[in-house]
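As a plain string of letters, each chain reads:
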Amino acid sequence: MQTAAVLVLAPIFEADLQPEQYAYREGRNAQDAVRHVHKLLNTGYTDVIDADLSDYFGSIPHAELMQVVARRISDRHVLALIKQWLVVPVEEDDGHGGRRRTTQAKDTRRGIPQGAPISPLLSNLYMRRFVLGWKILGLEACL
């Protein structure tokens, strides 16, 4: 179901994503990002900022993410389905031959399921806010 949703939703949101966003996008990859940085360095830029966002998927706040999604998607059924995917319990091996269920995302109202087909798209939608904020601060040349 999530894969089907991605096939429909990705083209809708692709138009909103910033050109500096390379992760999890069709036709873009890490090598493209490196080539872009190399091009900027060859045209006079001297600084490169490398950032690793710790637990990014696990820290995305649901309310803000759903606001981003709702700007483009108005169908309440699709919005409800996405929201359900955000709060679904996670079942893990407890290390003793049993299973353990956690509801951390539901309890904290944060995080998107790692490994789920919809998660890369959702992570890019939320990352767009960061990129736009960077640009508003006048740091666009740094991207």
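Residues numbered from 1 in each chain as written. Predicted model: local features only at pLDDT ≥ 70, side-chain atom pairs only at ≥ 80, totals over all residues. Heavy atoms only, no water.

### Side note on the overall build of the chain
The criterion, for reference: Put simply, DSSP marks the helices as runs of H or I at least four residues long and the strands as runs of E at least two long, and each gets a number from the N terminus on. Type-normalised accessible area, obtained with a 1.4 Å probe on protein chains alone, sets the label of each residue: buried when under 20%, exposed when over 50%, and partly exposed for intermediate values. The contact rule is simple, with two residues in contact once any of their heavy atoms fall within 4.5 Å.
Along the chain, the regular secondary structure elements total 7 helices and 2 strands. For the chain, the spread of C-alpha atoms along the three principal axes comes to 55 × 40 × 30 Å. A burial count over the chain gives 29% of its 143 residues as buried. Summarising the internal contacts of the chain: among those between residues at least 6 apart in sequence, 67% fall at separations of at least 24.

### Things to note about the pattern of salt bridges
For clarity, the threshold we go by: For this document, the term salt bridge refers to a Lys or Arg side-chain nitrogen within 4 Å of an Asp or Glu carboxyl oxygen.
Overall, the coordinates contain 6 salt bridges when judged by the stated rule. Put simply, Arg72 and Asp16 hold a salt bridge, and the shortest N to O gap is 2.7 Å. One end of the pair, Arg72, is in the loop between helix H4 (62-70) and helix H5 (76-87); the other, Asp16, is in the loop between helix H1 (2-14) and helix H2 (30-42), and 56 residues separate them in sequence. Glu20 is paired through a salt bridge with Lys135; the nearest N and O atoms lie 3.1 Å apart. Linking Glu20 in the loop between H1 and H2 with Lys135 in helix H7 (residues 119-136), this pair joins segments that are 115 residues apart in sequence. With a relative accessible area of 21%, Glu20 lands in the partly exposed category.

### Some details on the packing of H4 against H5
To be explicit about the condition: Each axis is a line fitted through C-alpha atoms, and for a helix only the stretch in contact is used; angles between axes span 0 to 180 degrees, taken between their N-to-C directions. Relative orientations are named as follows: roughly parallel for angles under 35 degrees, roughly antiparallel for angles over 145 degrees, roughly perpendicular for angles from 65 to 115 degrees, and oblique for any other angle. Two helices crossing with the near one rotated counterclockwise from the far one by less than a right angle form a left-handed crossing, whereas a clockwise rotation gives a right-handed crossing. Throughout, the ten residues Ala, Val, Leu, Ile, Met, Phe, Trp, Tyr, Cys and Pro are labelled nonpolar, Asp, Glu, Lys and Arg are labelled charged, and all others, Gly among them, are labelled polar.
At their nearest, the axes of H4 and H5 sit 11 Å apart, and the two run at 155 degrees to each other. Taken together, the axes of H4 and H5 lie roughly antiparallel to each other. Taken as a pair, H4 and H5 cross one another with a handedness that is right-handed. Facing H4, whose interface residues are His62, Leu65, Met66, Val69 and Ala70, H5 presents Leu79, Ile82, Lys83, Leu86 and Val87. Each residue belonging to the contact of H4 with H5 can be placed in one class, and the counts come to 8 nonpolar, 1 polar and 1 charged.

### Considerations on the packing of aromatic side chains
How we decide: Aromatic contacts are taken between Phe, Tyr and Trp rings whose centres are within 6.5 Å, Trp giving its six-membered ring; a plane angle under 30 degrees counts as stacked, one over 60 as edge-to-face, and the others as tilted. Two limits define a charge over a ring: the Lys NZ or Arg CZ must be within 6 Å of the ring centre, and within 35 degrees of the ring normal.
As enumerated under the stated definition, the model contains 3 aromatic pairs in all. On the basis of an interplanar angle of 40 degrees and a centroid distance of 5.6 Å, the ring pair of Phe130 and Trp134 is categorised as tilted. Of the two residues, Phe130 and Trp134 both sit in helix H7, 4 residues apart, roughly one turn of that helix. Sitting over the face of the ring of Tyr22, Arg28 holds its NZ or CZ atom 5.0 Å from the ring centroid.

### Quick notes on H4
Put simply, the rule is: When we speak of the arc, we mean the arc of directions from the helix axis to the C-beta atoms.
His62, Leu65, Met66, Val68 and Val69 are the residues of H4 that are buried. Along H4, the residues classed as buried sweep out an arc of 155 degrees about the axis, all on the same side. Contact partners of the buried residues in H4: H1, H5, helix H6 (104-108) and H7.

So, to be careful, I would describe these as geometric facts and stop short of saying anything about function.
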